[in-house]
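Breakdown of the fold
What follows is each chain in one-letter form.
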Amino acid sequence: MTYKPYLYSIELVFTKLLGEFMNIRHFYLLTMVFFIAPNFVFAQDDETADVEEVIVTATKRETNLMETPLAVSVITQEQMALQGLSRISDLSSLVPNLVVGNSGEDSGVSIAIRGVSSNNYTELGDPTVAVHVDGMYTPRAQAALALAHDIERIEVLRGPQGTLFGRNSTSGAVNVISARPKFGDEMTGRMGVRLSVDGRNMNEFDGFLNIPVSDEIAFRASFKSSLADSFINQTVDRYDWSL
């Protein structure tokens, strides 16, 4: 029974060495955290300073998007151009809970937000999503097929908006805000050309011209042209000539 004191002494020495090792390890960890933590704080401050302020009119007045108490998605002209989108009906891939369906028979458009839509998308029916262009209500959903060019932003409001936007906004509303003339000392403009290689010979030309006159007067003009071949090549045969 003489080996027990030796075992106890070895165990005590091992426990003491392990405690010293853990203390040294904790010391190095605290030192690293002390030197690295300020870098994280400064990086967070830089990210906060770079946040762009987005102004929306979802509540019928200009407010900051981060302070607007509504479910709003904002799409700018740059985002649409980057994704190759040209119409409101193309926003389904960018806006959550938004689905736009087209009817090939009569060019009908059905806009659904959060799964709520109208099955009567003709001129006799009432849509569930109100489309506004520069504050003017568009009574038919076919307006979603119009070319959206030279716009400042498109706001998609999810949820009932009848209090501020009236009837036909049971599931939401879509606000299209055109680009406004900008004041300054220089005349600005842009022109773009897009050519397709899918066999339809699709050509698009768009651009704008902004002319500031004074600090209170400015003019802005924009244009867009989109031409493409049809999906079906119809030929004339002898039966057509006989008609």
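Located above this text is the structure these notes cover.
Residues numbered from 1 in each chain as written. Predicted model: local features only at pLDDT ≥ 70, side-chain atom pairs only at ≥ 80, totals over all residues. Heavy atoms only, no water.

Quick notes on the overall build of the protein
The secondary structure content of the protein amounts to 4 helices and 12 strands. Classification of the 243 residues of the protein by burial places 28% in the buried group. Partitioning the intrachain contacts of the protein with sequence separation of at least 6 by distance along the chain shows that 50% fall at a separation of at least 24. Total accessible area computed for the protein in this model is approximately 17,400 Å², and 59% of it derives from carbon and sulfur atoms. (Helix = DSSP H or I, 4+ residues; strand = E, 2+ residues; numbered from the N terminus. Buried < 20%, exposed > 50% of the residue type's maximum accessible area, 1.4 Å probe, protein only. Contact = heavy atoms within 4.5 Å. Areas by Shrake-Rupley, 256 points an atom, 1.4 Å probe, with all protein chains shown as cover.)

Notes on the nonpolar core
The biggest cluster of nonpolar side chains holds 21 residues, and the ones touching the most others in it are Met80, Ile88, Leu91, Leu98, Ile111 and Ile154. For Met80, the contacting residues outside a window of four places in its chain are Ile75, Leu85, Ser86, Arg87, Leu91, Ala148, Ile151 and Ile154. Counting 8 residues, the second-largest nonpolar core is a separate cluster that includes Val56, Val72, Val74 and Leu157. (Core = buried A, V, L, I, M, F, W, Y, C linked by side-chain atoms within 4.5 Å.)

Quick notes on the packing of aromatic side chains
As enumerated under the stated definition, the model contains 0 aromatic pairs in all. The ring of Phe208 is capped by Arg220, whose NZ or CZ atom sits 4.1 Å from the centre of that ring. (Phe/Tyr/Trp six-rings, centres within 6.5 Å; stacked < 30°, edge-to-face > 60°. Lys NZ or Arg CZ within 6 Å of the ring centre and 35° of its normal.)

Some details on the side chain of Ser118
Along the chain, Ser118 turns up in the loop between strand 5 (109-113) and strand 6 (129-133). Within the structure, the side chain of Ser118 is placed 3.3 Å from the backbone oxygen of Asp126, a separation counted as a polar contact. With sequence-adjacent residues up to four places away left out, Ser118 is seen in contact with Ser110, Asp126, Pro127 and Thr128. (Polar contact = N/O pair within 3.5 Å; in protein donor to acceptor, adjacent residues only side chain to side chain.)

A word on the side chain of Thr68
For Thr68, the position within the fold is in the loop between strand 2 (63-64) and strand 3 (71-76). Here the side chain of Thr68 touches Thr63 through a polar contact of 2.9 Å, side chain to side chain. Dropping the residues within four chain positions of it, Thr68 is found in contact with Val56, Ala58, Thr59 and Thr63.

Side note on empty space enclosed by the protein
Using the criterion set out here, one finds 1 cavity of 30 Å³ or more in the structure. In this structure, the largest cavity spans a volume of roughly 90 Å³. For the largest cavity, the lining is made up of 15 residues, of which Val109, Asn120, Tyr121, Pro127 and Ala141 are closest to its centre. By residue class, the composition of the lining of the largest cavity is 6 nonpolar, 7 polar and 2 charged. (1 Å grid on protein atoms, 1.4 Å probe; cavity = no way out; pocket = protein on both sides within 12 Å on 5 of 7 lines; lining within 4 Å. Points joined across faces, edges and corners; volume = space filled by probe spheres on them. Nonpolar A, V, L, I, M, F, W, Y, C, P; charged D, E, K, R; others polar.)

So, the pattern of salt bridges
Any two side chains of opposite charge can pair, so long as their charged atoms come close to each other. In total, this model carries 8 salt bridges according to the counting rule given. The salt bridge involving Arg153 is made with Glu152; its shortest N-O contact spans 3.1 Å. In the salt-bridge network here, residues are joined through shared partners; they are Arg190, Arg194, Glu204 and Asp206. (Salt bridge = Lys/Arg side-chain N within 4 Å of Asp/Glu carboxyl O.)

Some thoughts on the pairing of strand 11 (residues 203-212)
Where strand 10 (residues 188-195) meets strand 11, 8 bridges bridge the pair, whose relative direction is antiparallel. Note that in strand 11 the partner of Gly189 across the bridge is Leu209. Here 10 bridges tie strand 11 to strand 12 (residues 218-227), and the two strands are oriented antiparallel to one another. Of the residues in strand 12, the one forming a bridge with Asn210 is Arg220. Connecting the antiparallel pair strand 11 and strand 12 is a turn made up of 5 residues. (Pairing = 2+ DSSP bridges.)

Thoughts on the sheet that holds strand 8 (residues 151-158)
Pairing is mixed in the open sheet, where 5 strands are placed in the order 3-8-9-6-7. Across the chains shown, the open sheet's two edge strands, defined by having one partner strand only, are strand 3 and strand 7 (136-138). The average angle at which neighbouring strand axes cross in this sheet is 20°, direction not considered. With 5 bridges connecting them, strand 6 and strand 9 (residues 172-178) associate as parallel partners. The residue bridging Ala130 from the neighbouring strand is Ala173, located in strand 9. (Axes fitted to C-alpha atoms, helices over the stretch in contact; angles between N-to-C directions.)

Thoughts on the sheet that holds strand 10
Overall, antiparallel pairing links the 3 strands, which are arranged 10-11-12 in an open sheet. Two strands bound the open sheet, and with one partner strand each, they are strand 10 and strand 12. Here the average twist between neighbouring strands, direction ignored, is 0°.

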